[in-house]
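An overview of the molecular structure
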Amino acid sequence: MNFKLDLQNYFLIISAIINLFLAIFVYRKGKGRGVNFYYSLLACSVAAWSFGMFMYRGVNLSASAIFWTKFYYFFSGIIPFSLLYFSLSFPDGKIKIKNWLNYLIIIVGVVFVFSALYDNFIVKNVIPNPAGEHYIFFGQGLNIWGLYLMLYFVLSFFVIIKKFFSYKGILRQQISYFILGSLISTLIGVTTNHILPLFFHNPKYAWIGPTGTIIMVAFLAYAITRYHLMDIRYIIKRSTVFTLLVVVITALYVSSSYLLTIIFENFIGNSSKIVAGLVVGILIALIFEPLKNLLQNLTDRFLFSKEYNPKVLIGEITQITSETLDLKKILNNLSKKISDAFHPTKLAFALIDSKGKIGVSNQLGFNAREVVLFTKGKEKVLPQYFKKAGDVYIISELSLQYEKGEYKPQHPQLLEDLNKIGIELLIPLFVKEKLVGVLAMGEKKNNDPYSSEDLSTLQIISRQIAIALENASLYEQVTDLNIHLQDRVDEQTKEIRAKNEELETANARLRQLDKAKTDFIDIASHQLRTPPTAVKGYVSMMLQGDFGKLDKKKSEILNIVYSANEKQISLIEDLLNVARLEAGRMEFTFEDASLEEIVEGITKELIPLAKNKNLDFQYIKPDKPLPTVKLDKIKIRQVIMNLIENAIKYTKEGFVKVSLAKTDGMIKFCVADSGMGLAPDDFHNLFQKFAIGSNKESRAKGTGIGLYVAKKMIEAHKGRVWAESEGQGKGSKFCFEVPVS
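In this report, the structure presented in the accompanying data block is examined. (Residues numbered from 1 in each chain as written. Predicted model: local features only at pLDDT ≥ 70, side-chain atom pairs only at ≥ 80, totals over all residues. Heavy atoms only, no water.)

1. A short note on the packing of aromatic side chains
The criterion, for reference: Between 30 and 60 degrees the pair is tilted, below 30 it is stacked and above 60 it is edge-to-face, where a pair is any two Phe, Tyr or Trp rings, Trp via its six-membered ring, whose centres lie within 6.5 Å. Only runs of H or I of at least four residues qualify as helices and only runs of E of at least two qualify as strands under DSSP, and these elements are numbered from the N terminus. Only protein chains enter the accessibility calculation, which uses a 1.4 Å probe. A residue is then buried if its area is under 20% of the maximum for its type, exposed if over 50%, and partly exposed in between.
Across all of its chains, the model carries 21 aromatic pairs by this definition. Measuring from ring centre to ring centre gives 5.3 Å for F74 and F114, while their planes differ by 75°; the resulting arrangement is edge-to-face. On the criterion of sequence distance, the pair formed by F74 in helix α3 (residues 62–89) and F114 in helix α4 (residues 99–115) is long-range, its members being 40 residues apart. Aromatic pair F687 and F734: ring centres 6.4 Å apart, planes at 70°, arrangement edge-to-face. Taken together, the residues F687 in the loop between β12 (666–673) and α21 (696–701) and F734 in strand β14 (residues 732–739) connect sequence positions 47 residues apart. A residue is classified by how much of its surface remains accessible, and F687, at 12% relative accessible area, is buried.

Next comes the structure, spelled out in structure tokens:
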């Protein structure tokens, strides 16, 4: 069986390939979106229709021709069905019709699509004609089929025209492309595949219908770019290159194979076709990549001459931003280069200075009122609105989404002002996480939307621009500082000389005060502790009966005096420790010692105190003996005593648990209790001098000195101290750790 390959068939197979390519491309770009699915279904149906027509025209057997005629009518029936659902789902992918109507559309569509496969309904017979177009004998169902096509096409256009009047801006413009492309292709298809065969019995031009669908799919591909899921210029370029590549390779293959077959036939006879095909195939494989690059350059040059080359532009921006630190020169060169590449109606750099003020530089196309509207009151708004580097904000799309309730802007007024000004793109300029300015651009002069390639390029160059502007701004500040530096140095030198004399006097006074402070500590160390110590001794002797037996009431009073005196001695010792620490006069005697022995001794001393409050007091010993620690026994004992006494003091009921453990070269001490706990605000200044917790009881009992002294002493041992608590009334845990010797 010979297969006919004429010029029309080449057009048909190219149409099928392009439609299939667009279907796959759009579906992958918007997988999960209904509008992309229906577009892909439409393009696949057109591809199958074109392929069916290609096979129908190529075969020369009646049975095969009948099969392929039914095949292309079957898929041509899916075209109005998928076009209608594309219209219903455009642009957000949601179909908003009643269920009964939805079911009716589906049932009618399925019935008519499959009716194309019934014998004698649309196609009765096909008589092949090797010299020209085949003769098709149509059935009575063709008239009803035509009504189905017209009904679904009319409904499709009715739906999309209704949407055209309900939308505005870029979306309305995209719908107009949809209507125009669909209408042109529909008229071509209906005329060549229905009107001419039905009323004039002329199927000669049926191949034009599938070929003409390239117009529709191209326009629909453009209409689906609302969210920049694809770019029609990119698709057209790719499709053009692909088509030219197929045509050129086919021409080369056919002509080269023919010539080589003639040459080889004299040498190898009937095998010449196989050898020629193999040789030509290898040669085409070798020249494929260079040929593709050549065709791509030619299409860019002659069909897309106004486009910029992203790689070249990025390289030029890199050169501009790296060759100078002159801010004015950088802005001038950037403005010119960006304008030449994208042709915006408006362009401006809004820079944020070191004081947070916004200034517009190198503006193009903005009037004074628009500049004021762009900057006035936006100092705090812009940094809040733009929090992420690398984004490009498409204002018309955001406004449309805002109107439909699909987008909630951080500052609606800013979005409204940007729309009034006529800004289409806003590109934030970030250096790390700092917003240094924004690049504002209006629509393109040719009214084309910014493509996905444009947005990607702007995202890349925005990072380079931001760093360059920040460096230039810093350099400008340094230069300005240098200009005025000498004057400032002279002025401040005079001030320094005057203040030096004042400082000398103040230093002398400070030395006197320091000496007085040292003398005070020395005196206080002896004089402040002597009276309470004497009181303690005499009261203790009286309680022991050295001055005669006391009755119960006197004993109770003396016990109160003794307890109050102990508190006073502890307070005086804490105050003296603070003074010594701050004066750098605290002396430490470090020696290898067992922290276990110290803790065990203190817990035994404090058992009676805990029992008086009916507390569950425990010392949890370590599982294994702990290594020694280089420490000052007296100071560490004071810290441990303070922490455990505090736990007992501020716990009314429950438990107090003391523990020791070795962790990562450190000995860790902890005392946990079920007492009043700590509020979140208490942690900030818990170990500061004179800091008292927010709890009323802690304010009544505490002085705010003990924890401060404990922290300083532990730090002198090269350790650290901290507190943990889940909140007030949930107990607390105080710990410290010191390194092993």
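2. A short note on the sheet that holds strand β5 (residues 393–394)
Cut-off, in case you're wondering: Any two strands are treated as partners once DSSP identifies two or more bridges connecting them.
In spatial order, the strands read β4-β3-β7-β6-β5; together these five strands make up an open sheet with antiparallel pairing. In this open sheet, the two edge strands, each paired with only one partner strand, are β4 (358–364) and β5. Pairing geometry for β5 and strand β6 (residues 425–431), over two bridges, is antiparallel. Counted as the bridge partner of I394 is L425 from β6.

3. Concerning a nonpolar patch on the surface
Heads up, the rule is: In this scheme, patches are assembled from residues that exceed 30% relative accessible area and form no salt bridge. Like charges are connected within 9 Å, while nonpolar side chains (Val, Leu, Ile, Met, Phe, Trp, Tyr) are connected within 5 Å. Values of accessible area rely on a 1.4 Å probe in the Shrake-Rupley scheme; residue burial ignores everything except the protein chains shown. Every case where a carboxyl oxygen of Asp or Glu lies within 4 Å of a side-chain nitrogen of Lys or Arg is listed as a salt bridge.
Taken together, Y103, I106, I107, V110, V111, F114, L117 and Y118 make up a surface patch of nonpolar side chains, about 750 Å² in accessible area. Secondary-structure assignment places I106 in helix α4. When its relative accessible area of 31% is taken as the criterion, I106 is described as partly exposed.

4. Overview of unusual backbone geometry
Positive phi, normally seen in glycine, also occurs at N120, with a value near 70°. Here N120 is to be found in the loop between α4 and β1 (123–127). What makes N120 partly exposed here is its relative accessible area of 46%. One non-glycine residue, K718, adopts positive backbone phi at about 65°. Within the fold, K718 resides in the loop between α22 (706–716) and β13 (720–724).

5. Comments concerning helix α11 (residues 327–342)
For clarity, the threshold we go by: Every helix has an expected span of 1.5 Å times one less than the residues it contains. Think of the arc as the fan of directions from the helix axis to the C-beta atoms. What qualifies as a polar contact is a pair of N or O atoms within 3.5 Å, subject to a donor-acceptor requirement within protein and to the restriction that residues adjacent in sequence count only when both atoms come from side chains.
With 16 residues, α11 ought to run about 22 Å at 1.5 Å a step, and its terminal C-alpha atoms sit 22 Å apart, in line with that. Buried within α11 we find L327, I330, L331, L334, S335, I338, S339, A341 and F342. An end-on view of α11 places all buried positions within 160° of arc, on one side of the element. Away from the buried face of α11 by more than 90 degrees, exposed residues K328 and K336 are located. The residue sitting at the N-terminus of α11 and contributing the capping side-chain oxygen is D326; that oxygen lies 3.1 Å from the backbone nitrogen of K328. Looking one or two places after α11, you find H343, whose phi comes out positive at around 55°.

By themselves these figures say nothing about function.
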